[in-house]
Amino acid sequence: MSDVRIGVFICHCGKNIAGVINVPEVTEYAKTLPNVVYAEHNLFTCSADGLSSITRKIGEYKLSRVIVAACTPRTHEPLFRTACEAAGLNKYLFEFVNIRDQCSWVHMQEPEKATGKAKDLVRMGIAKARLLEPLEDVEIGVTPACLVIGGGVAGMSAALNLANQGFEIYLVERDKELGGLLLNLNRLFTSDSKAEEVIVPLTEKVKNHQNIKVHTSTEVKGVAGFIGNFDVTLDQKGEEKKIKVGTIIVATGAEVLKPVDQYGYGDKSNVITQLELEERLNNGVGDEQNIVMINCVGARIPERQYCSRICCMVAIKNAVLIKENDPRAKVWVLHRDLMTYGTEFEKYYQKAMEKGVRFIRYSLDKLPEIVGNNKVKAVKVYHQLMGKEIVLPCDMLVLTTPLIPHEDNQDISRMLRVSLGEHGFFLEAHLKLQPVEFATDSIYVCGCARWPASVPETISQAYAASAKAAIPLRRGYIRSEGITASVDEDKCSGCGICVLLCPYNAIESQSKDGKKLAHITTAQCKGCGTCGAACPSGAISMNHFRDEEILAQVEALVI
Amino acid sequence: MKKSGFEPKILAFCCNWCSYAGADLAGTSRIQYAPNVRVIRVMCSGRIDPTFILRAFQVGVDGVLILGCHPGDCHYIDGNYKTARRIHMLKKMLSQLGIEDDRLRLDWVSAAEGKRFASIINDMTERIRALGPFVR
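Every chain is numbered on its own, with residues counted from 1 as its sequence reads. Going through the entries in the order they are written, you letter the chains from A and number the ligands from 1. Under the rules for a predicted model, residues below a pLDDT of 70 receive no local features and side-chain atom pairs below 80 are neither given nor counted, while totals for whole chains, interfaces and linings still include all residues. Working from all heavy atoms in the structure, the side-chain values ignore hydrogens and water.

*Asks:* I tried to follow the overall build of chain A on my own but got confused; where do I start?
*Replies:* Scanning chain A for helices and strands turns up 15 helices and 30 strands. Its C-alpha atoms give chain A principal-axis dimensions of about 90 × 60 × 40 Å. Burial classes follow relative accessibility: with a 1.4 Å probe on protein chains only, a residue under 20% of its type's maximum area counts as buried, one over 50% as exposed, and anything between as partly exposed. Counting over 559 residues, chain A shows a buried share of 57%. Contacts are residue-level and defined by heavy atoms, with any inter-residue pair within 4.5 Å sufficient. For chain A, restricting intrachain contacts to residue pairs at least 6 apart in sequence, the fraction spanning at least 24 positions comes to 71%. Each accessible area value is a Shrake-Rupley result obtained with a 1.4 Å probe; residue values ignore everything except the protein chains displayed when judging cover. Here chain A has roughly 24300 Å² of accessible surface; of this, 49% comes from carbon and sulfur atoms. Separation of charge centres in chain A, based on 64 positive and 67 negative side chains, amounts to 3 Å. Going along the chain from the N terminus, every DSSP run of H or I of four or more residues is numbered as a helix, and every run of E of two or more is numbered as a strand. Positive charges are assigned to Lys and Arg, negative charges to Asp and Glu, while His and the chain termini are left out of the count. A single reference atom marks each charge: NZ on Lys, CZ on Arg, CG on Asp, CD on Glu.

Structural data, given as structure tokens:
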């Protein structure tokens, strides 16, 4: 162990770390620790300067282990590992210490304690690094096919993008027709083009594409296998079919909330949602003269705090269409802020006002009230600028409700082992750096399944997700981390406990020279560590998370 | 009886896919919590060998926290169920050694639960502070 030479690079991250933690002090501390032959601090270790400094210092100081203390390994570990490889150092001889997301950012009022914690964490990281061994990545072949779950505008755009590149696609849709939410829409903002002008040509292209196998009235029932090699079971009305794919794109969309028991919905006959209004407008506008719309029904409330982004534009668009059809009709939009953020949205809103759509702001503490028995006859609202309650005559009350996640997102989340976010939509790996993929390799997400999105946003995301999915499909392999289990056959007693525990059936009992031994198929091993923790003989080693490495971190916690 | 000025040393094992991500989310959201915890990252809570926990107490750690994915949501399918069984057994053993139940805690934090991570850390810190330092 005395020949290990450790280099430590501590990041300021601008003011993000250095504004709380005394970075020079931690650097000086690192220098006092055994085996540390070099330590420096950088303004931004992930910058070109910082990365080249790491690569250079590995050569200059003959470093055999590298520590970077900075943000979080979940975003930047691959980057620094590459910097090590550029200097010829095996990337598994690198250890990341999290002193931003789990230190400076969360102890902003306690700089001394944060600095002390940073020192402890660096000391623990160094303790592990001393014992790290070089490892090799595992290359896993990828089945050259992609499963797209969801046949709406997101799924179809993604499927076409991949199919046009020559890949084989399975497009699975649980309804009997392709098209998703757009089938129920009338016109799209801001072009006012008919929804069918978008969805019908798209559907035709998909159905006629030789590389896309469409399965409607079909659900995904089970997913087995491992990344790049999924065995998927489909269920079409009780009939099962098995397919093999290498990548999966989740494009299952979302649904419009039905505001049961709010403002008379479900009870009074003239209260509908914006989605139901779209259907009406499709069949020709009615002769209602007084239309009141209430926005943010069931959204931006304590029980559901998010903003569904697109509904304001839906309301404004429908208000404009009603006015264009009959300029004498009166349309009021009652809102709690208007989200007109996108390309030309503000211009469209101006157009609505010019056409005579009236916008009235209401607040959560003074909600509008409906008046009427079998039907809503009027809506009372407190007009903030006038400072008094006004009564609006009403023939039709339209409630603008948010997009909410499908109930069965939970099932897909479990089948694919991907995360759901706080509100039940799918959670991407990183909001900024990895917006259309999951933390799990070879599975991607796009469209409203991820978060409420407009049609152009959905299509962009679908292109992005399919572009990312094309990478492993094109390469033909995925490089999986060398974080796998290995068996020391001299120590193995053949008890078989590990065989029973492995969730991936990657271990089997084999006979060697009359002795029963555990044999691990490395390509199937995910490196979870369950077998390693259970092995009574200590025969199983979890590469990169070995017992001695973890124990060294534990022991280094207390000086 | 509370020891004044005692700052608990708490070790938390966090799994890469859920609780470690949840801890990072607390950071991105700038949720402040007690600075007493030191995290060791593992790929799955199922990696935790009970001997790691015993070693932690041996070297003078005051409290140990194991945070994994919620049951049913384990990235490695059922690693967390095995953790639950192991910790349950370990707790029985620890109580026979006279180690207070609150010193070892198993809990579940998802990648979306930054606030929950912070509140578990704060809660654990206060419980250990009330118990006092771990006496070997």
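Additional details are given in the paragraphs that follow.
*Asks:* Help me out: how do you make sense of the packing of aromatic side chains in this one?
*Replies:* Given two aromatic rings, one states the distance between the centres and the angle between the planes to describe the pair. Side-chain rings of Phe, Tyr and Trp (the six-membered ring for Trp) are treated as a pair once their centres are within 6.5 Å; stacked means planes under 30 degrees apart, edge-to-face means over 60, and tilted covers the remaining angles. Within this structure, the stated rule accounts for 16 aromatic pairs over all chains. Taking 5.5 Å as the distance between ring centres and 75° as the angle between the ring planes, the aromatic pair formed by B:Tyr33 and B:Phe117 counts as edge-to-face. Here B:Tyr33, found in the loop between α1 (19-28) and β2 (37-42), pairs with B:Phe117, found in helix α4 (residues 114-131); they are 84 residues apart in sequence, far enough to count as distant. Across the pair, B:Phe117 and B:Tyr33 agree in class, each one buried. Linked through ring pairs, A:Phe9, A:Tyr38 and A:Tyr61 together constitute an aromatic cluster. Note on geometry: a ring has a charge over it if NZ (lysine) or CZ (arginine) is within 6 Å of the ring centre and within 35 degrees of the ring normal. If you follow A:Lys128 out to its NZ or CZ, it ends over the ring of A:Phe545, 4.0 Å from the centre.

*Asks:* Explain the interface of chain A and chain B here, please?
*Replies:* Reports often express the size of an interface as the amount of accessible area lost when the parts come together. Contacts between the two partners involve 52 residues from chain A and, on the opposite side, 50 residues from chain B. When two components associate, each loses some accessible surface as probed by a 1.4 Å sphere; the sum of these losses over both components is called the buried area. With both chains or domains summed, chain A and chain B bury close to 4500 Å², and 59% of this area falls on carbon and sulfur atoms. Interface area lost by chain A to chain B is led by A:Arg74, A:Gln102 and A:Arg417, which between them contribute 14%. For this document, the term salt bridge refers to a Lys or Arg side-chain nitrogen within 4 Å of an Asp or Glu carboxyl oxygen. At the surface where chain A touches chain B, the tally comes to seven salt bridges.

*Asks:* So what exactly am I meant to see when it comes to the pattern of salt bridges here?
*Replies:* Pairing is possible between side chains of opposite charge, provided their charged atoms come close. Counted by the stated rule, this structure contains 49 salt bridges over all chains. A:Arg123 is the partner of A:Asp120 in a salt bridge, and the nearest nitrogen-oxygen pair spans 3.0 Å. Placement of the pair is A:Asp120 and A:Arg123 together in helix α5 (residues 111-131), with a separation of three residues, close to one helical turn. Here A:Asp120 matches A:Arg123 in class, with each residue buried. B:Lys91 is paired through a salt bridge with B:Asp101; the nearest N and O atoms lie 3.1 Å apart. Of this pair, B:Lys91 sits in helix α3 (residues 79-96) while B:Asp101 is found in the loop between α3 and β4 (104-108), placing the two residues 10 residues apart along the sequence.

*Asks:* Please clarify how the sheet that holds strand β3 (residues 65-70) of chain A should be interpreted in this entry.
*Replies:* In a beta sheet, neighbouring strands are held together by backbone hydrogen bonds and run either parallel or antiparallel to one another. All names here are of chain A. Taken in spatial order, the four strands line up as β2-β1-β3-β4 in an open sheet, and their pairing is parallel. Bordering the open sheet on either side are β2 (36-42) and β4 (94-98), each of which pairs with just one other strand. Each neighbouring strand pair of the sheet contributes to a mean axis angle of 15°, computed without reference to strand direction. Direction of pairing for strand β1 (residues 6-11) relative to β3: parallel, over a ladder of five bridges. Bridging from a neighbouring strand, Val8 pairs with Ile67 of β3. Each axis is a line fitted through C-alpha atoms, taken for helices only over the stretch in contact, and angles between the N-to-C directions span 0 to 180 degrees. Helix α3 (residues 73-86) contacts β3 and β4 of the sheet and is inclined by roughly 150° relative to β4. By the convention used here, strands pair only if DSSP detects at least 2 bridges between them.

*Asks:* Looking at this model, I keep getting lost on the side chain of A:Asn186. Mind explaining?
*Replies:* Mapping A:Asn186 onto the fold places it in the loop between β7 (168-172) and β8 (187-188). Residue contacts for A:Asn186: discarding those within four places in its chain leaves A:Ser193, A:Lys194, A:Ala195, A:Glu278, A:Leu281, A:Asn282 and A:Leu321.

*Asks:* Even after reading the chapter, I still don't get α1(B), so can you show me in this structure?
*Replies:* For an α-helix, the turn length of 3.6 residues means that residues three or four places apart are oriented alike. All names here are of chain B. For α1, a buried count of eight out of 10 residues is recorded, marking the element as mostly surrounded by other parts of the structure. Among the residues making up α1, those that are buried are Ser19, Tyr20, Ala21, Gly22, Ala23, Asp24, Ala26 and Gly27. Directly beyond the C-terminal end of α1, a positive phi value near 55° is found at Arg30.

*Asks:* What's the story with the nonpolar core in this structure? I'm lost.
*Replies:* For soluble globular proteins, the rule of thumb is that nonpolar side chains tend to be buried together. By size, the foremost hydrophobic cluster in this structure holds 97 residues, and its most contacted members are A:Val8, A:Ile21, A:Val66, A:Ile99, B:Phe13, B:Ile53 and B:Val64. With eight residues, α5(A) is the single largest residue contributor to this core. Beyond its immediate sequence surroundings of up to four residues, B:Phe13 is in contact with A:Ile550, A:Val554, B:Ile40, B:Val42, B:Ile48, B:Phe52, B:Val64, B:Leu65, B:Ile66 and B:Leu67. Residues belong to a common nonpolar core when they are buried Ala, Val, Leu, Ile, Met, Phe, Trp, Tyr or Cys residues joined through side-chain atoms within 4.5 Å. Counting residues in hydrophobic clusters, the runner-up holds 58 residues, among them A:Leu178, A:Ile227, A:Cys446 and A:Ile478.

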